[in-house]
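Per-entry structural report
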Amino acid sequence: MDFGQSERSRDYLERLRHFVATEVVPVEEKLRRERVAPFAARGDSSGDATWSVPEEFRELQRKARAQGLWNLFLPDAELGAGLTNVEYASLAEEMGRSPFRSSIFNCDAPDTGNMEVLYHYGSPEQKERWLRPLLDGEIRSAFCMTEPGVASSDATNMAATAVVEGDEVVLNGRKWWSTGIGSPDCKILIFMGLTDPQAPKHQQHSMVLVPIDTPGVKVERMLSTMGFYDEPGGHGEVSFTDVRLPLDAIIAGPGRGFEIAQGRLGPGRVHHCMRLIGLAEHALELACRRGLDRVAFGKPLVNLGGNRERIADARIAINQLRLLVLHTAWLLDTQGLAGARSAVSEIKVATPRVVQQVVDFAIQIHGGAGLSDDFPLAGAWTAARALRLADGPDEVHQGLVARFELGKYTNPEGRK
């Protein structure tokens, strides 16, 4: 196993860190507050809520693109950085130190996953109409898969439909936790629905490209996550009522929804974990600085209540986690998703849990301030907690890991 960085990826990392230090950090706190305050002050959670993107943020994006720090996630040297998963890992960690750095470099979910879907499965026409503007950062997108009326941890429960009628596909149903739907730049949705209930189980569903202004598409409301709206993208509940689109809106053809979903979610889960490690590093840094600066009972906080041991445990846990994620990235690079399925599920379970614990410690050492918006810790804890459900709950991934493990000790008929 080789987790080493190439000269190319080291160059990207150095330039990324320089850009963050000189361009992002000086305005980061201001941008973070601007993302929260205007919406929170309105208290408006309706589908008519309009969020805006600060001009300073758009200027950062323009600068990042001009410096070639753009689409770093895409393993295509012509359209992105052309990095392997192992090479991209350190960049994703750096970007993950705050919740919106990835967006500055056009490397944020759900756009990264949607772009990968179009890159690998889209037709030439779909790529020209939707992939190109997404790569250019001219538009944003949303992914509509989870549903409020069924247990979406089992995607075969999906009730929303994408029925082929002649030369059209007709969509009906309701989706929620559709990330990115609240962005003023969101122009395209990827909708997954049931097409043929008589087909084999994993060939029943289709993914369809839906322009957000198509008749019958309605953003019913924006959803908060433990009080956070993650503006300006956010997560919404969306209804689809007799939405009619031409057949060429279906990605790769009817019945290939599950195949596309697996291809999308594998690398996407690794990217999430890479970014979360950066979030944990930032939380630990904040905890150490706070613990050294604050004094209680005549001592720095780091010298009270076992805090030194907690700091050591956090460092050990983060380092262990990084190696686990790098191993998964290496497996993806060398064996593809088929050879990395158990490892992907392992990090999907382990990463949010560890990061949640590290951030919780950072909140504790900040006292009441850690629960406020004066620091990014409450949002960081929420992000880690939410990822224990997003892209599949812990229990689903634990079940897959157990199945792979038990498979080592059974014959093809399932007997010992």
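Calculation notes
- Residues numbered from 1 in each chain as written.
- Predicted model: local features only at pLDDT ≥ 70, side-chain atom pairs only at ≥ 80, totals over all residues.
- Heavy atoms only, no water.
- UniProt positions renumbered as here; feature names shortened; annotations may be inferred.
- Helix = DSSP H or I, 4+ residues; strand = E, 2+ residues; numbered from the N terminus.
- Expected span 1.5 Å × (residues − 1).
- Bend = angle between axes of the 7 residues up to and from the residue.
- Core = buried A, V, L, I, M, F, W, Y, C linked by side-chain atoms within 4.5 Å.
- Buried < 20%, exposed > 50% of the residue type's maximum accessible area, 1.4 Å probe, protein only.
- Contact = heavy atoms within 4.5 Å.
- Phe/Tyr/Trp six-rings, centres within 6.5 Å; stacked < 30°, edge-to-face > 60°.
- Lys NZ or Arg CZ within 6 Å of the ring centre and 35° of its normal.
- 1 Å grid on protein atoms, 1.4 Å probe; cavity = no way out; pocket = protein on both sides within 12 Å on 5 of 7 lines; lining within 4 Å.
- Points joined across faces, edges and corners; volume = space filled by probe spheres on them.
- Axes fitted to C-alpha atoms, helices over the stretch in contact; angles between N-to-C directions.
- Left-handed = near helix turned anticlockwise from the far one by under 90°.
- Nonpolar A, V, L, I, M, F, W, Y, C, P; charged D, E, K, R; others polar.
- Salt bridge = Lys/Arg side-chain N within 4 Å of Asp/Glu carboxyl O.
- Pairing = 2+ DSSP bridges.

The name given to the protein chain in an unreviewed UniProt entry is Acyl-CoA dehydrogenase, with the source organism recorded as Rhodococcus ruber BKS 20-38. Per UniProt, the protein chain carries the Subunit (unreviewed entry) text "Homodimer."

What follows covers unusual backbone geometry. Trans is the common state for peptide bonds, and a negative phi is the common state for residues other than glycine. Residue P110 follows A109 across a cis peptide bond; omega there is 0 degrees. Relative to the helices and strands, P110 is located in the loop between α4 (101–104) and α5 (111–121). Each neighbour pair has its own omega, and for E231 with P232 the value is 10 degrees, a cis peptide bond. The topology assignment puts P232 in the loop between β6 (217–223) and β7 (235–246). Backbone geometry at M226 places phi at a positive 50 degrees, although glycine is not the residue there. Counting through the fold element by element, M226 comes out in the loop between β6 and β7.

Let us now look at the UniProt feature "domain: Acyl-CoA oxidase/dehydrogenase middle" (unreviewed entry) in the protein chain. UniProt's feature table lists "domain: Acyl-CoA oxidase/dehydrogenase middle" (unreviewed entry) at residues 142–243, given in the numbering used throughout. For residues 142–243, the end-to-end C-alpha separation is 17 Å, with 0% helix and 51% strand making up the annotated structure.

On to helix α8 (residues 307–366), then. Working note: α-helix, 3.6 residues per turn, so residues spaced by three or four point in the same direction. For α8, built from 60 residues, the straight-helix expectation of 88 Å at 1.5 Å per residue is missed by more than 12%, its first-to-last C-alpha distance being only 12 Å. At G336, α8 shows its largest bend, some 140 degrees. Once α8 finishes, G367 follows within two positions and takes phi at roughly 65 degrees, a positive value.

Counting residues in each nonpolar core, the largest one holds 87 residues, and the members touching the most others are L72, Y88, L91, I104 and F105. It is α8 that provides the largest number of residues to this core, a total of 21 residues. L72 has contacts with Y12, L16, A81, L83, Y88, L91, M95, F105 and C107, leaving out every residue within four places of it along the chain. Residues W51, A162, C186 and I250 belong to the second largest nonpolar core, which totals 23 residues.

We now examine the packing of aromatic side chains. Scanning all chains against the criterion turns up four aromatic pairs. With a centroid separation of 5.5 Å and an interplanar angle of 70 degrees, the aromatic rings of F19 and F105 are classed as edge-to-face. In this pair, F19 is assigned in helix α1 (residues 7–42) and F105 in the loop between α4 and α5, connecting sequence segments 86 residues apart. Note on accessibility: F19 and F105 belong to one class, buried. Note on W176 and W177: the rings are 5.9 Å apart at their centroids and 50 degrees apart in plane angle, and the pair reads as tilted. Look at W176 and you get partly exposed, because its relative accessible area is 24%. Residue class for W177 comes out partly exposed when judged on its relative accessible area of 34%. Lying across the ring of Y119, K127 places its NZ or CZ 5.9 Å from the centre. Of note, K175 hangs over the ring of F191, and the distance from its end group to the ring centre comes to 5.2 Å.

With that settled, the discussion passes to the layout of surface pockets. Looking at the second largest pocket, its volume works out to about 290 Å³. In terms of lining, the second largest pocket is formed by 15 residues, of which the most central are P75, N85, E116, H120 and P267. Those elements that provide at least two residues to the lining of the second largest pocket are α3 (85–95), α5, α7 (257–293) and α8. Counting residues per element, the lining of the second largest pocket draws most heavily on α8, at four residues.

Right, let's get into the packing of α5 against helix α6 (residues 124–135). Between α5 and α6, the shortest axis-to-axis distance is 10 Å and the interhelical angle comes to 145 degrees. Read as a crossing pair, α5 and α6 show a hand that is left-handed. Side by side, α5 and α6 meet where D111, M115, L118, Y119 and Y121 of the first sit next to Q126, K127, W130, L131, L134 and L135 of the second. Looking at side-chain class alone, the contact of α5 with α6 contains eight nonpolar, one polar and two charged residues.

Right, let's get into the pattern of salt bridges. Applying the stated criterion across every chain yields a total of 30 salt bridges. What you see here is one network of salt bridges that share partners, running through R174, K218, E220, R221 and E237.

The buried count for strand β5 (residues 205–211) comes to seven of seven residues, which makes it a mostly enclosed element. The alternating pattern of β5 places H205, M207, L209 and P211 and S206, V208 and V210 on opposite faces, both of which are buried. Strand direction decides the pairing type here: strand β4 (residues 186–194) and β5, joined by seven bridges, are antiparallel. Note that in β5 the partner of I190 across the bridge is L209.

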